[in-house]
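Listed below are the residues making up each chain.
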Amino acid sequence: MKILTISDEVIERLYSLCSNGHFDDVELIIGCGDLPYPYLEHIVSTLNVPLLYVPGNHDPMYQENDPKTYAEGGMNLDLNFTRVKTFLVGGFGGCVLYRPNGTNQYSQTSAYLRAFKMLPRLLLNRIQYGRALDILITHSPPFGIHDEDTQAHQGLKAINWLIRIAKPRYHFHGHVHFYRRNLDASETDVKGTKIINVYPYKVLDVHH
Ligand SMILES: [Zn+2]
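Since we're looking at a predicted model, the values are computed, not measured.

1. Side note on the packing of helix H4 (residues 119-129) against helix H5 (residues 157-166)
Packing of H4 against H5 brings their axes to within 11 Å, and their N-to-C directions diverge by 20°. The angle between H4 and H5 places the two elements in the roughly parallel class. H5 is crossed by H4, and the crossing has right-handed handedness. In this structure, H4 contributes Leu119, Leu122 and Arg126 to the contact, and H5 contributes Trp161, Leu162, Ile165 and Ala166. Of the residues contributing to the contact of H4 with H5, the split by class is six nonpolar, no polar and one charged.

Here it is as structure tokens:
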């Protein structure tokens with residue numbers, strides 16, 4: 001299954017690539033956060049395939065009655081699950097807390113408490129499908145992988161834990177932009193999970 005993954009930065013040329021048929025074989029769009037919702041909405045309405053996304057720290061807090069806080073036509077996958085074709089997908093939004101009262105920001109401990117909420121469904125998936133998860137999408141990177149020492153770009157340990165117990169084949173994240181030290185670190189394999197920083201966009205072919 002071909003997936004268009006996008007994150008963190010509006011890439012103007014995606015608009016023309018979308019309408020030129022460049023992504024005609026794409027069957028799913030995944031947004032890893034920090035993108036204006038009109039950008040997501042434009043891409044989903046042009047490609048007309050499902051959109052799954054998680055919120056980042058520059059996105060507003062989701063509110064059911066406020067359309068400015070979610071992407072129309074998309075599914076907010078924060079602490080949520082879905083199935084696309086034969087792929088089990090789960091999401092975890094936000095990043096580490098670096099500013100008091102920051103939106104979608106969590107201390108390492110509260111991120112764990114959030115991740116624990118995903119446990120029942122992961123166990124159910126394992127019983128029903130023989131595996132907990134195929135694709136994990138998050139905004140933050142895991143701790144120590146593609147992250148940085150600066151407080152704002154430190155990864156979440158709860159995501160390492162999720163990867164350890166759910167063993168997804170793929171983990172897509174954003175939040176960390178490529179420059180300086182992490183220039184060539186956008187893909188890392190950890191015990192059968194391919195961890196990919198999708199910033200600013202990537203077309204990825206996923207398999208079972
Ligand atoms: Zn971010």
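From this point on, the discussion continues.
2. A word on the packing of aromatic side chains
All chains considered together, the criterion is met by six aromatic pairs. Each ring, one from Tyr37 and one from Tyr53, has its centre 5.6 Å from the other, and the planes form 55°; the classification is tilted. You can see Tyr37 sitting in helix H2 (residues 37-47) and its partner Tyr53 sitting in strand E3 (residues 51-53), a full 16 residues away along the chain. Here the two residues Tyr37 and Tyr53 agree in accessibility, since each one is buried. Both rings, one in Tyr170 and one in Phe172, keep their centres 6.1 Å apart while their planes meet at 40°; by these two values the pair is tilted.

3. A look at the sheet that holds strand E6 (residues 87-92)
Pairing between the strands of a sheet is mediated by backbone hydrogen bonds and can be parallel or antiparallel. The strand order E5-E6-E9-E10-E12-E11 describes an open sheet built from six strands, whose pairing is mixed. A single partner strand is all that each edge strand has here, and the edge strands are strand E5 (81-84) and strand E11 (187-190). Strand-to-strand twist of the sheet, defined as the mean angle between neighbouring strand axes without regard to direction, takes the value 20°. Bridge count for E11 against strand E12 (residues 193-197) is four bridges, and the pairing is antiparallel. Along E12, the bridge assignment pairs Asp189 with Lys194. In the packing of H4 onto the sheet, the strands contacted are E5 and E6, and the crossing angle to E5 comes to about 30°.

4. Things to note about the coordination of the zinc ion
As a benchmark, a tetrahedral metal site with four donors has ideal angles of 109.5 degrees, while an octahedral site with six donors has ideal angles of 90 or 180 degrees. Donor atoms from the polypeptide that bind the zinc ion are Asp34 (OD), Asn57 (OD1), His139 (NE2) and His175 (ND1), placed at 2.1 Å. Seen from the zinc ion, its four donor atoms lie at angles of 88 to 162°, and the figure they make is irregular. In the primary structure, the donors to the zinc ion are separated according to the pattern D-x22-N-x81-H-x35-H. In this pair, Asp34 sits in the loop between strand E2 (28-31) and H2 while His175 sits in the loop between strand E10 (170-173) and E11, placing the two residues 141 residues apart along the sequence. On the basis of relative accessible area, Asp34 is assigned to the buried category, the value being 10%.

5. Some points on the pattern of salt bridges
A side chain with one charge can pair with a side chain of the opposite charge if their charged atoms come near. Enumeration according to the criterion identifies six salt bridges in this entry. Put simply, Lys2 and Asp25 hold a salt bridge, and the shortest N to O gap is 2.9 Å. Note that Lys2 is positioned in strand E1 (residues 2-6) and Asp25 in the loop between helix H1 (13-19) and E2, a separation of 23 residues in sequence. Classification of Lys2 by relative accessible area gives partly exposed; the value is 27%. Here Lys194 makes a salt bridge to Asp189, at a shortest N to O gap of 3.9 Å.

6. Topic: the packing of helix H3 (residues 108-116) against H5
As a packed pair, H3 and H5 sit with axes 8 Å apart at the nearest point and diverge in direction by 30°. Judged on the interaxial angle alone, H5 and H3 are roughly parallel. Here Gln108, Ala111, Tyr112, Ala115 and Phe116 of H3 come into contact with H5, specifically with Lys157, Ala158, Trp161 and Leu162. Broken down by class, the residue content of the contact of H3 with H5 amounts to seven nonpolar, one polar and one charged.

7. Digging into the sheet that holds E2
As summarised here, the arrangement of the five strands in space is E4-E3-E2-E1-E13, forming an open sheet in which the pairing is mixed. Bordering the open sheet on either side are strand E4 (74-76) and strand E13 (201-205), each of which pairs with just one other strand. Across this sheet, the average inter-strand angle for adjacent strands is 20°, counted without regard to direction. With five bridges connecting them, E1 and E13 associate as antiparallel partners. Within the sheet, the bridge partner assigned to Ile6 lies in E13 and is Tyr201.

About the cut-offs
- Residues numbered from 1 in each chain as written.
- Predicted model: local features only at pLDDT ≥ 70, side-chain atom pairs only at ≥ 80, totals over all residues.
- Heavy atoms only, no water.
- Axes fitted to C-alpha atoms, helices over the stretch in contact; angles between N-to-C directions.
- Helix = DSSP H or I, 4+ residues; strand = E, 2+ residues; numbered from the N terminus.
- Parallel < 35°, antiparallel > 145°, perpendicular 65-115°, else oblique.
- Left-handed = near helix turned anticlockwise from the far one by under 90°.
- Contact = heavy atoms within 4.5 Å.
- Nonpolar A, V, L, I, M, F, W, Y, C, P; charged D, E, K, R; others polar.
- Phe/Tyr/Trp six-rings, centres within 6.5 Å; stacked < 30°, edge-to-face > 60°.
- Buried < 20%, exposed > 50% of the residue type's maximum accessible area, 1.4 Å probe, protein only.
- Pairing = 2+ DSSP bridges.
- Donors = N, O, S within 2.8 Å, 3.2 Å for Na, K, Ca; no water.
- Tetrahedral: all angles 85-135°; square planar, octahedral: opposite > 155°, others 65-115°.
- Salt bridge = Lys/Arg side-chain N within 4 Å of Asp/Glu carboxyl O.

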